[in-house]
There are 2 protein chains.
Amino acid sequence: MACANNGSECPDTKDGDDEWTILERVCRMLAEEGYLGPSVNQRPVVEFEHPADLKNLIHFPMDEKAPISEAAIERIIRQVLRYSVRTGHQHFHNQLFAGVDPYGLTGSWITEALNTSQYTFEVGPTFTLIENAVIEKCLELFRFGSNADGILCPGGSMSNMYAIVAARFRAIPDVKRTGVTGLPAPLVVFTSEDAHYSITKAVHWLGIGLNNLVKVKADRRGRIIPEELEQAIESVLASGRRPFFVNATAGTTVLGAFDDFNAVADVCARYGLWMHIDACLGGTAALSTTHRHLLAGADRAHSLAWNPHKTLGAPLQCSVFLLKERGLLHECNAANADYLFQQDKFYDIRYDTGDKSVQCGRKVDAFKFWLMYKARGSAGLADLVDHAFECARYLHELVRHRDGFRLVLEEFQYTNISFWYVPSWMRKEPAGDTTDWWQRLYVVTADIKERMVKRGTTLICYVPLLHKGIGNFFRMVVTCHPRPSHATMRYIVEEIERVGEELNPTAIPINGTASG
Amino acid sequence: MACANNGSECPDTKDGDDEWTILERVCRMLAEEGYLGPSVNQRPVVEFEHPADLKNLIHFPMDEKAPISEAAIERIIRQVLRYSVRTGHQHFHNQLFAGVDPYGLTGSWITEALNTSQYTFEVGPTFTLIENAVIEKCLELFRFGSNADGILCPGGSMSNMYAIVAARFRAIPDVKRTGVTGLPAPLVVFTSEDAHYSITKAVHWLGIGLNNLVKVKADRRGRIIPEELEQAIESVLASGRRPFFVNATAGTTVLGAFDDFNAVADVCARYGLWMHIDACLGGTAALSTTHRHLLAGADRAHSLAWNPHKTLGAPLQCSVFLLKERGLLHECNAANADYLFQQDKFYDIRYDTGDKSVQCGRKVDAFKFWLMYKARGSAGLADLVDHAFECARYLHELVRHRDGFRLVLEEFQYTNISFWYVPSWMRKEPAGDTTDWWQRLYVVTADIKERMVKRGTTLICYVPLLHKGIGNFFRMVVTCHPRPSHATMRYIVEEIERVGEELNPTAIPINGTASG
C-alpha cells in the first residue's frame, strides 16, 4: 500500500487498484448480513448488547499502527453489520424513518462515489441542475408559486434555522451587519408546545434566547390553538418585545398533528409575522391526492421544511427548505467568497448556487430524491404514501378493537398511531384508572420495549407527553419503506401482547424502575 | 411495483425484491463509467456542457407520472455519470478535496445502506461507539487531553458555528435563555483576513453581526499578525464592545498558511478570549510526524475543527469539531426532548449522545474515517500525507525553475502551491510588470482554466486574493487521493503550458472579459 521510495515516481500501483475490490466485497457482505432487500427479515431487528459488552465484542479504539489485511477489514465490517440496527427490517418502527427506498439508496451510493460538493456548477454540473429540479418540484408540491426558492440542507433542524434567519433578515434588513444586540426590543418566536425541539435549539444558536420563545398551547390532538397564538402575540407586544416568526407544524413528532394552517396564516397576516411550517414529517402527504388536504393552507406560509428522508424513505439526509421570496436566501446568506464564486467565470454563474447556503461544502442530497421520483413517477410515490396511510388506518382499527389495547387519541392525522397495552393482570384490577395504575402502565410500557429490544423481534418507540400530563405510550409511525402490510401491523400488536403477558406483575413497582 | 389491491394484504412482492437489483447494476455502471478506481483516468475529467446545453442532454424536470422501466432508469443514471465531474481523476485539482479513499467510500456505502441516525445508542449502537472512538483519536491527534469532547457535524462551517456558540455560552452562561439582545455590549469575533468566509456567515446567523467581526491583517504569506490581533482587541475594548472569540487558521483556503498558534494563544490568554482553530484543511498534517510541527501550539486552543473529507479523502462529509471542556457541548446545546432521550431507558443513557448536537437526525459520518484508519493504520495514513507533501514540494520546485512560471509565494506551508503561467508572448513584452500587464495575466489565467475545462484534461482552481491586491492565479492543492505522483504534478505544468501557448494574444483585452 505504501510507496516505499517516497520521493520518487509512484504511479498507480497494483496495490492501489486492489484496494478498490473492497467495494465489490462490501456489496456481498451487505447482502449476506441482510442489509439489502427483504432478506433482512430473516434476521433479528437488532442483536442488542449493552455498551460495555459491545466494547468487548468489537475493538473500537483506533490504535492500529500498520495496515491490516483485507481479511481483517472484512471481519471488522461484518462485526459492525452484525451489531447494528436493521432499520430496513419490516418490524423496525422506532423512528420517523425506517428502511430506504432502493432507488434512493442507489442515488446515495452514486453521490458518495462521485464525491463532490453542491456549491458551483463547475464541480457539480449535473447535481446543480438536479437540485434545481428538486426545488422546483417541491415548490409545485407545496404550491409555493414559481417565484419562490429553496435549498437542500443537512436536516430539518437546519431548515428551521434557515427559516428563522431569513425571517429575521426580512424583518430587519440591517441585521446581517448589526447583529441583534443593539435592537430596541428582543425578537420573539412562537411555536406550539407539541412542535419539534429544534426551534428551541435554533433560538439559542441564533442569539434570540429561550426567554423569547413562546410555546403556545396545543389542543388535545396536538394542534396549535390559534386563539392562544393570538393571545400570546398580544401579550408579547404588551411586554414591549417584537414578535416576528411563527412556526406551525405539519405532522408533529409524537401525535402526527397538523396545525390549522389557514387559521395560523390569518393570525400571521394580521400581525405581519413570518409564517413557517415545519413539515419535515407530514410534508410527505403532499405526494398523495387523497391525503394532501392535511396541508390545506400550507401554501400561505412564507417558508416550509420537508424531509423526504423521514417516512418517504429517501436515505438520511434529504431535507428541503423552501421559501416564497426568490433571491432572499442569497441576499441573506451570501458572503461572496472570491476563491469559490469568481465573477469572471466563462459560464453563467447564476448556476453557482452555493452562496445561498450557510455551509461551504455541501453534500449532494438532491439526487437520491430525484432518482426516486424519476423511477417511480408521481403515481408510484403517491401509492407508497397512500399505502402507508392505509396500513396506519388498519393498525388504528386493530388497536381500537383489541382487548387490552387503548388508543391515546381516538383520531389520527398522519401515520402516527399512539397506544398503550394493558396486560391482562392489570385489566382485572378493580382500581382501574387511578394514578398508581397509570404509573405502573408507564413502567410496563418501557418494560415491554426493553424486552422486545432484547428479543430483537421488533423495535417501536415509547414516548411520554409530559406537558399533556401523559406518561409513556407506544408511538408507531407507519413508513413507506420497507413496504408495510396488514401482516406487519398485526405483528406489532401480537408481539406486544406476547411480551406484555410474560411480564411478572410483582416485579412492576408502583413508581421507579422496572425489572420485569 | 404498486399494490393494486390497496386495502388488502400486500406482502413483500417479487416486484419489491426486484427493485433491489438496481444496486448490483449501479456498481457495474459506476465501474464502466470510470468512477471506481484508476480506470477513471482513461476518461476526461469532465465533459463540459454549458447549463443551457446540459438541460437539453438530460431531462431534469420531474414530470414522470408512472414508474419508468429499469432500462430507462439505467439510461438516466448513465447520462448523469457521463456529465458529472470525475473528482477521482488524477488530474482533478479544483477543490480542497478530490477523490475518495476506497475504504472511506466503503464506509459511506455501508452507512447509507444501514440508514440510521447518530443520536441514540438504541438506533446506532455500533456507530455511537465508533463516533466516540473517532473523537478520542482526534483528541489524541491534536493533544486536547482526555477530559475533552467533540462531535461530528455537517461541514467545517458548522464546526466553526459550534465553536462560537460554545464560546459564547462559556462567556455568558445565561445567553441560552436571554439571547444577546439585552447584552450591555456587543460581542466581537476576531479572525484573519485570509481566514475562511464561514466565520462571516456564522456571525450573521448567530446574531452577532458583521459589524462585530474584526478581520485582522495577515502577513504576505497569509498568517495572522499577532500584534495586529492584539491591537484590534485593544481598539474593540476601547470602543466599549466585548471581545470573546478568536479564530485562528491551520491551512488557509488559498495559501495554505498556518497561523502562529503559540502567539495567538498568548494573546487570547492575556485577554481571556476563547481560541478556536479552523484546521479544516490543515488538520490533516497532524497525522504525519514529519509535518505535524505546523500545528505547534494548536493544543492550546479551546476548540478546533478538522475535515478529514478535504485532502485526506474521506468522502464528503466528514467533519470533526473538538473542544477542551467535556460536558460543555451537552450543557450548551441540550434540549432534553422527551420523545428521543427518555430518561427511563434500560441501558446506560450516557451513550445517547445526540443532545450535544444542534441537529436532531444526524448522518453517520464517523464510520468512514474509522474504517480508513483501521484499514491503513497510523503508518498508512501518515504515508498518504507525507507523500502528498512530497508531491507538493516537487511541484513547487518544478514551478520555481520552469520558464514562464511564477510562484505567488516563495515558500509553502500546507500542500497549496500557487502560481501563474506567463505565456511566451507575454514574457517578451518589455513592459513586464506594469499594471496592464498584470491585468492581462489575470485574464490569461482565467482563460487557460476555461480551455482546460473544455478540453477536459485537467481541472485546477484559479483564485484572486483581492485584499492582498493580487488577481487570478492558479491554486493547486495536492490531495492524498487519488495518490498523486511526480508525473501527475508534471502534467499540470505541461498542460498549462500547452494551453497557455495556444492562446491568441490579440484576443486578450486589457481589461474585461476574455475570449481567447
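Reading the values: rules and limits
Residues numbered from 1 in each chain as written. Chains lettered and ligands numbered in written order. Predicted model: local features only at pLDDT ≥ 70, side-chain atom pairs only at ≥ 80, totals over all residues. Helix = DSSP H or I, 4+ residues; strand = E, 2+ residues; numbered from the N terminus. Rg over C-alpha atoms; globule rule 2.2 N^0.38 Å. Buried ≥ 20, exposed ≤ 12 C-beta atoms within 10 Å, placed from the backbone. Least-squares fit on C-alpha atoms with pLDDT ≥ 70 in both. Contact = placed C-beta atoms within 7 Å. Nonpolar A, V, L, I, M, F, W, Y, C, P; charged D, E, K, R; others polar. Expected span 1.5 Å × (residues − 1). Pairing = 2+ DSSP bridges. Axes fitted to C-alpha atoms, helices over the stretch in contact; angles between N-to-C directions. Left-handed = near helix turned anticlockwise from the far one by under 90°. Parallel < 35°, antiparallel > 145°, perpendicular 65-115°, else oblique. pLDDT = per-residue confidence, 0-100.

### Here's the deal with the overall build of chain A
Summing up its helical and strand segments, chain A has 16 helices and twelve strands in all. Over its C-alpha atoms chain A spans a radius of gyration of 25 Å, differing by no more than 12% from the 24 Å that the globule rule assigns to 516 residues. Overall, the C-alpha framework of chain A stretches about 80 × 70 × 45 Å when taken along its three principal axes. Residue burial in chain A is summarised as follows: out of 516 residues, 60% are buried.

### Remarks on the relation of the copies chain A and chain B
Structural alignment of chain A on chain B gives an RMSD of 0.0 Å, achieved by rotating through 180° and translating 0.0 Å along the axis. Such values leave the two copies arranged in the relation of a two-fold axis. Residue by residue, 100% of the interface of chain A is reproduced at the interface of chain B, so both copies engage with the same surface.

### Some thoughts on the interface of chain A and chain B
Often, the extent of an interface is quoted as the loss of accessible area on bringing the components together. With 144 residues of chain A in contact, the opposing surface of chain B contributes 146 residues. Of the residues forming the side of chain A that touches chain B, the biggest block, 13 residues, is contributed by helix H13 (residues 366–401) of chain A. For the side of chain A that touches chain B, a count of residues per class yields 75 nonpolar, 42 polar and 27 charged.

### Looking at helix H2 (residues 21–32) of chain B
For H2 of chain B, which comprises twelve residues, the first-to-last C-alpha distance of 17 Å matches the rise-based estimate of 16 Å (1.5 Å per residue) to within 8%. Of the residues one or two after H2 of chain B, glycine 34 of chain B is the one with positive phi, at around 75°.

### Overview of the sheet that holds strand E8 (residues 319–323) of chain B
Residues and elements named next belong to chain B. Spatial strand order, E2-E8-E7-E6-E5-E3-E4: seven strands in an open sheet with mixed pairing. In the strand order of this sheet, the two ends are held by strand E2 (149–153) and strand E4 (213–216), each with one partner. In this sheet, adjacent strand axes meet at a mean angle of 20° when their direction is disregarded. Of the pairings in the sheet, the one linking strand E3 (residues 187–192) to E4 comprises four bridges and is parallel in character. Bridging from a neighbouring strand, serine 192 pairs with valine 216 of E4. With respect to the sheet, helix H11 (residues 261–271) is in contact with strand E5 (242–249) and strand E6 (274–278), its orientation differing from that of E5 by roughly 170°.

### Focus: the packing of H2 of chain B against helix H4 (residues 70–83) of chain B
Residues and elements named next belong to chain B. Orientation of H2 relative to H4, taken along the N-to-C sense of each, is 35°, at an axis distance of 11 Å. The hand of the H2/H4 crossing is right-handed. Of the residues in H4, those in contact with Ile22, Arg25, Val26 and Met29 of H2 are Ile73, Glu74, Ile77, Arg78 and Leu81.

### A short note on the packing of helix H5 (residues 102–114) of chain A against helix H5 (residues 102–114) of chain B
The N-to-C vectors of H5 of chain A and H5 of chain B enclose an angle of 160°; their axes lie 10 Å apart at closest approach. Classified by the angle their axes make, H5 of chain A and H5 of chain B are roughly antiparallel. Handedness of the crossing formed by H5 of chain A with H5 of chain B: right-handed. On the side of H5 of chain A, the interface is formed by Leu105, Ser108, Trp109, Glu112 and Ala113 of chain A, while H5 of chain B contributes Leu105, Ser108, Trp109, Glu112 and Ala113 of chain B. Considered class by class, the residues forming the contact of H5 of chain A with H5 of chain B number six nonpolar, two polar and two charged.

### What about the pairing of strand E10 (residues 416–421) of chain A?
Residue and element names in this part refer to chain A. The buried fraction of E10 amounts to six of the six residues, a majority that puts the element mostly inside the structure. Where burial is concerned, the two faces of E10 agree: the one with Asn416, Ser418 and Trp420 and the one with Ile417, Phe419 and Tyr421 are both buried. Where strand E9 (residues 405–407) and E10 come together, three bridges link them in antiparallel fashion. Among the inter-strand pairings, leucine 407 is bridged to a residue of E10, identified as phenylalanine 419. Note that E10 and strand E12 (residues 470–477) share four bridges and pair antiparallel. In the sheet register, isoleucine 417 faces E12, and the bridge partner there is methionine 476.

### A look at the sheet that holds strand E12 (residues 470–477) of chain B
Think of a sheet as strands paired side by side through backbone hydrogen bonds, with each pair either parallel or antiparallel. All names here are of chain B. With respect to topology, five strands assemble into an open sheet ordered E1-E11-E12-E10-E9, the strand pairing being mixed. On the outer flanks of this sheet lie strand E1 (92–93) and strand E9 (405–407), each paired with one strand and no other. Sheet strands touched by helix H13 (residues 366–401): E9, strand E10 (416–421) and E12. Its angle to E10, the strand with the most contacts, is close to 20°. Against the sheet, helix H16 (residues 486–502) contacts E1, E9, E10, strand E11 (459–465) and E12, and its axis sits at roughly 25° relative to E10.

### Focus on the confidence of the model for chain A
Confidence in the prediction of chain A, expressed as mean pLDDT, is 93, and 94% of residues score 70 or more. Here residues 511–516 of chain A is modelled with pLDDT under 50, and outside its nearest four sequence neighbours on either side it reaches twelve contacts, counting other chains as well.

### Here's the deal with the pairing of E8 of chain B
Residues in a regular strand project their side chains so that they alternate between the two faces of the sheet. All names here are of chain B. Counted residue by residue, E8 has five buried out of five residues, so it is predominantly covered. Alternating positions in E8 separate into two faces, Ser319, Phe321 and Leu323 on one and Val320 and Leu322 on the other, with burial throughout. Where E2 lies against E8, five bridges are found, and the strand directions are antiparallel. By the bridge assignment, cysteine 153 is partnered in E8 with serine 319. Bridging between strand E7 (residues 303–306) and E8 involves four bridges; their strand directions are antiparallel. Opposite alanine 305, over in E8, you have phenylalanine 321 as the bridge partner.

### Notes on unusual backbone geometry
Residue and element names in this part refer to chain A. Note that the residue after histidine 481, namely proline 482, is joined by a cis bond; omega there is -10°. Structurally, proline 482 can be placed in the loop between E12 and helix H16 (486–502). Even without glycine at this site, asparagine 115 takes up a positive phi of about 35°. Structurally, asparagine 115 can be placed in the loop between H5 and helix H6 (125–141). Among the residues examined, asparagine 115 registers 30 C-beta atoms within 10 Å and is labelled buried. Positive phi outside glycine occurs at arginine 143, with the angle close to 55°. Checked against the element boundaries, arginine 143 lands in the loop between H6 and strand E2 (149–153). Judged by the 13 C-beta atoms lying within 10 Å of it, arginine 143 is partly exposed.

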